[in-house]
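Listed below, chain by chain, are the residues.
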Amino acid sequence: MGATTSLRLVADALQEVERWRREEESRHTAELKETDDELRNLANAISNLEQQQQALARFRDDLLSKVASLPRRGLDRGHQTLFTVMREQSQALEKREAQVADATRKRLANLEATLRQSAVAPLVDEYRQFKVAVEPNLSSLPESYRSVVTQHHHRISERLQEHVHALLSVPVEIKAEPLRVEVVYSVDAPEGTPELLVVVIPVSDRVHFGWVDRQDGLQTWLAARVVQAIHEAALGSGFSEVDPMAGGHMGLLAVEVDLVGAPGPFLTMFEDRLAVLLSGAPELGGAAVLATASQVDADFVMPPEEEAAEEQEVTHAGGA
């Protein structure tokens, strides 16, 4: 017999097929797992991106809101900053007022000594001699002598009064670092035509409300110069209906002037007179106070929302 030809058996071939199937199944299962893992990762990534997108969208909305509210917030910030600065100036001015008051008391206490060192020293001695030696015995003198002595004493008294008045009319001068303060004013013209002038003075509103209980001083003098500027401008421009109203605003003294019907030159004259009076006031110069005037936007002085709130409005307490 010839040699037997070796051929694959069906069983072996099928086993190979089964082996291949298992290998393919194993490979596909592994690939399927990897694909599922990648899908889950992508799903998580997409979810994270969606969350980031939503967060960015919210952030963008917040930014848009902030941009839209920036003008309003700018006014609020400007308003707060303005009055913070002015209250600081007011506190410094109050301390300077105390220094001036102390210097004034010392000048009064030393008045007699000052007179004795002046050209009227003999009159001081004669006045004192009359009070000590003559006046107690005046009734014992004959009428003719009494009349002559009394008239002579009256003339001496008048001369001394004139001299004392001249001495005390000169503002007290103190040695101190110059103190810079600002009188702030604004003109409200919502329709283009000036309707209201508001002047804020860096002094406590007690200068107005508590004037009965407090002594005149540096704060009162500064406020008086502002009112003087208003009335001089009104006189110069023919604004006979001017009626300044004073009150408290944010703890400071504010003066309002209704500009409806005011002549055109009034505001310019007010600015000019205010600058001249503040720079030339001897009582401010003696106190080493450098006062200037600054115009600001009306909304910084009284923001729109605050204008509508009754508790924030300037309290009208009578004519200035």
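All of the points below concern the structure found in this document. (Residues numbered from 1 in each chain as written. Predicted model: local features only at pLDDT ≥ 70, side-chain atom pairs only at ≥ 80, totals over all residues. Heavy atoms only, no water.)

Some words on the sheet that holds strand 2 (residues 196-204)
The sheet built from five strands is open, its strands ordered 3-4-2-1-5 with mixed pairing. With one partner strand each, in any of the chains shown, strand 3 (245-249) and strand 5 (289-295) form the two edges of the open sheet. Averaged over all pairs of adjacent strands, the angle between strand axes in this sheet comes to 25°, irrespective of strand direction. (Pairing = 2+ DSSP bridges. Helix = DSSP H or I, 4+ residues; strand = E, 2+ residues; numbered from the N terminus. Axes fitted to C-alpha atoms, helices over the stretch in contact; angles between N-to-C directions.)

Observations regarding the packing of helix 1 (residues 10-109) against helix 6 (residues 218-237)
Their axes nearest at 8 Å, the elements helix 1 and helix 6 cross at an angle of 115°. Across the interface between the two elements, Ser 90, Leu 93, Glu 94, Arg 96, Glu 97 and Val 100 of helix 1 pack against Leu 218, Gln 219, Thr 220, Trp 221 and Leu 222 of helix 6. Partitioned by chemical class, the residues of the contact of helix 1 with helix 6 number five nonpolar, three polar and three charged. (Contact = heavy atoms within 4.5 Å. Nonpolar A, V, L, I, M, F, W, Y, C, P; charged D, E, K, R; others polar.)

As for a negative patch on the surface
A cluster of acidic residues, Glu 191, Glu 195, Asp 243 and Asp 258, forms a negative patch on the protein surface. Residue classification places Glu 191 among the exposed residues on the basis of a relative accessible area of 69%. (Patch = residues over 30% accessible without salt bridge, like charges linked within 9 Å, V, L, I, M, F, W, Y side chains within 5 Å. Areas by Shrake-Rupley, 256 points an atom, 1.4 Å probe, with all protein chains shown as cover. Salt bridge = Lys/Arg side-chain N within 4 Å of Asp/Glu carboxyl O. Lys, Arg positive; Asp, Glu negative; His and termini not counted. Charge placed at Lys NZ, Arg CZ, Asp CG, Glu CD. Buried < 20%, exposed > 50% of the residue type's maximum accessible area, 1.4 Å probe, protein only.)

Concerning the side chain of Ser 186
Considering the arrangement of structural elements, one finds Ser 186 in strand 1 (residues 179-188). What Ser 186 contacts, discounting residues up to four positions off in sequence, is Leu 196, Leu 197, Val 198, Val 296, Asp 297, Ala 298 and Val 301.

Brief notes about the nonpolar core
Within the largest apolar cluster, 41 residues are counted, with the highest numbers of intra-cluster contacts made by Leu 197, Val 199, Ile 201, Leu 222, Phe 266, Phe 270 and Val 289. At the level of elements, helix 1, strand 1, strand 2, helix 6, strand 4 (252-258), helix 7 (266-280) and strand 5 are the ones that each hand at least two residues to this core. Counting residues per element, this core draws most heavily on helix 6, which supplies eight residues. Contact partners of Val 199, with chain neighbours within four places excluded, come to Val 183, Val 184, Tyr 185, Val 226, Leu 253, Ala 254, Val 255 and Phe 270. (Core = buried A, V, L, I, M, F, W, Y, C linked by side-chain atoms within 4.5 Å.)

Points about the pattern of salt bridges
Within this structure, the stated rule accounts for 13 salt bridges. One salt bridge in this structure joins Arg 27 and Glu 31, with 3.2 Å as the shortest N-O distance. Of the two residues, Arg 27 and Glu 31 both sit in helix 1, four residues apart, roughly one turn of that helix. Accessibility expressed as a relative area gives 40% for Arg 27, which makes it partly exposed. If you follow the salt bridges from partner to partner, you end up with Glu 18, Arg 21, Arg 22 and Glu 25 in one network.

A word on the packing of aromatic side chains
Evaluated as defined, the whole model comprises two aromatic pairs. When the centroid spacing of 5.2 Å and the interplanar angle of 75° are considered together, the rings of Phe 239 and Phe 266 count as edge-to-face. A residue pair is termed long-range when its members are at least 10 positions apart, and Phe 239 in the loop between helix 6 and strand 3 and Phe 266 in helix 7 qualify at 27 residues. (Phe/Tyr/Trp six-rings, centres within 6.5 Å; stacked < 30°, edge-to-face > 60°.)

Digging into helix 1
Taking 1.5 Å as the rise per residue, helix 1 with 100 residues should run 148 Å; its terminal C-alpha atoms sit 138 Å apart, in good agreement. For helix 1, the principal kink sits at Leu 70 and spans about 55°; a proline, Pro 71, occurs within the next four residues. (Expected span 1.5 Å × (residues − 1). Bend = angle between axes of the 7 residues up to and from the residue.)

Re the pairing of strand 1
Burial analysis of strand 1 places seven of its 10 residues in the buried class, which makes it a mostly covered element. As defined by bridge partners, strand 1 adjoins strand 5 across seven bridges and the pair is classed as parallel. Bridged to Leu 179 within strand 5 is Val 289. Pairing between strand 1 and strand 2: five bridges, direction antiparallel. Residue pairing in the sheet places Tyr 185 in a bridge with Val 199 of strand 2.

Everything listed here is a matter of coordinates, which is why it stays silent on function.
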